[in-house]
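Below are the chains, spelled out letter by letter.
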Amino acid sequence: MQIIVNPEKREWAALTARPQMERSTIGPRVAAILDAVRAEGDDALLRLTREIDGVKLSSPAVTADEIEEASRLVPQELKTAIATAKNNIERFHAAQQGEGVDLETMPGVRCVQKAVPIRSVGLYIPGGSAPLFSTVLMLAIPARIAGCTQITLCSPPDKQGKLSPAILYTAQLCGVTHIFKAGGAQAVAAMAYGTQSIPKADKIFGPGNQYVTEAKQQVSQFTAIDMPAGPSEVLVMADETADPAFVASDLLSQAEHGPDSQAMLVASSRALAERVVREVERQLAELPREAIASRALDHSRIIVMDTPEEMVEFANAYAAEHLIISMDNPWEVARRITAAGSVFIGNYTPESAGDYASGTNHTLPTYGWARSCSGVNLDSFMRKITFQEISPAGLQRIGGVIETMAAAEGLGAHKNAVTLRLRKLE
């Protein structure tokens with residue numbers, strides 16, 4: 001990893017840049033996939049699964065027998081771990097439920113806000129070399145707590161035409177019954193437009209590779225998506241109170257996600273940075289995904305800054321998906337953070353905890369979107385509807401205000417809708 005010491009502010013834009021996605025080549029290919037699924041439905045979906053994934057399926061639907069078989073294949077130790085994580089995630093997301101708003105803004109003018117669930121949601125769960133059954137927990141649990149009536153899950157099949165047993169087991173544990181073997185841009189298209197087998201979703205959730213990310217961006221004009229997203233990333237802030245081995249492990253836990261992931265360290269000294277580099281090299285050699293992590297480290301960086309104030313400013317400029325604060329008085333540092341997806345406080349809070357079991361959600365904004373977007377939470381699966389009721393006395397109080405404002409904007413019909421009612425009351 002490259003070490004940069006006290007960079008000038010004019011260099012920060014380049015230092016906070018993410019690996020570029022190949023949209024110029026991926027975009028047209030994704031558009032063609034979306035068009036095919038939209039026009040042909042299941043026929044296109046099955047054909048693309050055969051061409052892209054190398055799997056011939058007779059139907060994309062997962063059967064009850066496959067779910068039952070998957071449950072038998074998951075070790076009891078993992079089932080117990082999933083149950084603990086499920087409980088923590090349920091508790092944290094259930095606590096986010098609000099009571100709504102019901103008040104009179106002035107006598108006779110009642111305004112109400114009510115949260116209602118999104119009816120149909122689609123969950124994309126990555127498969128491949130690292131099937132993310134944890135993402136099932138992160139998406140299906142808040143969807144169920146919110147009250148979504150139709151929860152559809154898509155995940156790419158393996159070469160035998162099966163889904164990961166852990167994904168299937170977790171899905172049924174969370175009450176998901178519409179499960180399909182479909183991956184990549186074609187799965188996003190199926191959930192966005194609907195096919196003969198896969199119901200149309202009103203909002204699509206879930207991480208994925210560059211094709212999935214591009215597909216979500218393209219369908220967002222027809223169907224809502226959780227957030228703009230790119231490859232996974234972490235930024236660790238560390239001073240002399242940090243353990244270099246812990247810091248290295250956090251950097252590598254993000255790097256092993258994929259070759260386009262990014263791991264950043266903002267360190268308080270060059271000596272600390274060099275100790276972390278040595279730990280990264282030692283731990284990397286022991287990882288089963290060493291080749292993937294090594295490629296991610298090629299575009300990862302270590303920034304050395306002299307003061308905590310500069311470290312905070314750089315962290316806010318980067319706006320990390322995951323931000324780890326391994327510093328003295330970490331909560332004091334955290335209070336100054338204004339841009340991050342999820343923050344991990346202190347030396348004994350690894351980013352892995354948020355990925356799996358602490359209770360917070362791991363579906364988070366990347367690529368700097370943490371400056372303007374939240375991670376997935378209970379509200380992500382709901383929409384807010386407002387209601388208003390005005391009594392005759394209330395209209396007499398507020399009517400003149402509305403008439404004056406409507407006239408100032410030149411909207412006579414708006415004014416007349418009030419004027420007619422006021423005359424009636426007279």
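Placed above this text is the structure.
Since this is a predicted model, take the numbers as computed values, not measurements.

(A) Geometry of a nonpolar patch on the surface. Nonpolar side chains collect at one region of the surface, where Val-401, Ile-402 and Met-405 lie side by side and expose about 260 Å² of accessible area between them. On the secondary structure map, Ile-402 appears in helix H16 (residues 392-408).

(B) Seen up close, the pairing of strand S4 (residues 120-124). Counted residue by residue, S4 has five buried out of five residues, so it is predominantly covered. Handedness of the crossover joining S4 and strand S5 (residues 150-155) through helix H6 (residues 133-146): right-handed. Across three bridges, S4 lies against strand S7 (residues 203-205) in parallel orientation. Its bridge partner being in S7, Leu-123 is matched across the sheet by Phe-205.

(C) View of the layout of surface pockets. Within this model, the second largest pocket holds a volume of roughly 180 Å³. Surrounding the second largest pocket, 13 residues form its lining, Gly-98, Glu-99, Gly-100, Ala-115 and Lys-384 being those nearest its centre. Mapped by element, the contributors of at least two residues to the lining of the second largest pocket are strand S3 (109-117) and strand S14 (382-390). Residues that form the lining of the second largest pocket fall into these classes: four nonpolar, five polar and four charged.

(D) Just empty space enclosed by the protein, in detail. Under the criterion given, the structure shown has two cavities of 30 Å³ or more. Approximately 60 Å³ is the volume attributed to the largest cavity. Contributing to the lining of the largest cavity are Gly-206, Pro-207, Gly-208, Val-212, Thr-213, Lys-216, Gln-217, Ile-225, Met-227, Pro-228 and Ala-229. Take the lining of the largest cavity: its biggest share by element is four residues, from helix H9 (residues 210-219). Of the residues assigned to the lining of the largest cavity, the class counts are six nonpolar, four polar and one charged. Counted as a void, the second largest cavity has a volume near 50 Å³. Forming the boundary of the second largest cavity are Met-21, Glu-22, Arg-23, Ile-26, Gln-210, Thr-213, Glu-214 and Gln-217. The set of elements that each furnish at least two residues to the lining of the second largest cavity consists of helix H2 (23-40) and H9. If you tally residues by element for the lining of the second largest cavity, the top one is H9, at four residues. Of the residues in the lining of the second largest cavity, the class split is two nonpolar, three polar and three charged.

(E) Representation of the pattern of salt bridges in the model. The tally for this structure, following the rule as stated, stands at 20 salt bridges. The salt bridge partner of Arg-47 is Glu-40, with a shortest N-O separation of 2.8 Å. One network of salt bridges, with partners in common, ties together Glu-40, Arg-47 and Glu-51.

(F) Structural view of the sheet that holds strand S12 (residues 320-326). Reading across from one edge, S1-S11-S10-S9-S12-S13 is the order of the six strands in this open sheet, with parallel pairing throughout. Of all strands in the sheet, those bounded by a partner on one side alone are strand S1 (2-5) and strand S13 (340-345). Looking at each pair of strands side by side, their axes are set apart by 20 degrees on average, direction ignored. Here five bridges tie strand S9 (residues 233-238) to S12, and the two strands are oriented parallel to one another. If you follow Met-237 over to S12, its bridge partner there is Ile-325. Where helix H10 (residues 244-255) meets the sheet, it contacts S9, strand S10 (262-267) and S12, and its direction lies at approximately 170 degrees from that of S9. Across the sheet, helix H13 (residues 308-318) is in contact with S9, S10, strand S11 (301-304) and S12; its angle to S9 comes to roughly 175 degrees.

Reading the values: rules and limits
Residues numbered from 1 in each chain as written. Predicted model: local features only at pLDDT ≥ 70, side-chain atom pairs only at ≥ 80, totals over all residues. Heavy atoms only, no water. Patch = residues over 30% accessible without salt bridge, like charges linked within 9 Å, V, L, I, M, F, W, Y side chains within 5 Å. Areas by Shrake-Rupley, 256 points an atom, 1.4 Å probe, with all protein chains shown as cover. Salt bridge = Lys/Arg side-chain N within 4 Å of Asp/Glu carboxyl O. Helix = DSSP H or I, 4+ residues; strand = E, 2+ residues; numbered from the N terminus. Buried < 20%, exposed > 50% of the residue type's maximum accessible area, 1.4 Å probe, protein only. Right-handed = clockwise from strand over helix to strand, strands pointing away. Pairing = 2+ DSSP bridges. 1 Å grid on protein atoms, 1.4 Å probe; cavity = no way out; pocket = protein on both sides within 12 Å on 5 of 7 lines; lining within 4 Å. Points joined across faces, edges and corners; volume = space filled by probe spheres on them. Nonpolar A, V, L, I, M, F, W, Y, C, P; charged D, E, K, R; others polar. Axes fitted to C-alpha atoms, helices over the stretch in contact; angles between N-to-C directions. Contact = heavy atoms within 4.5 Å.

Honestly, it's all geometry; don't read function into it.
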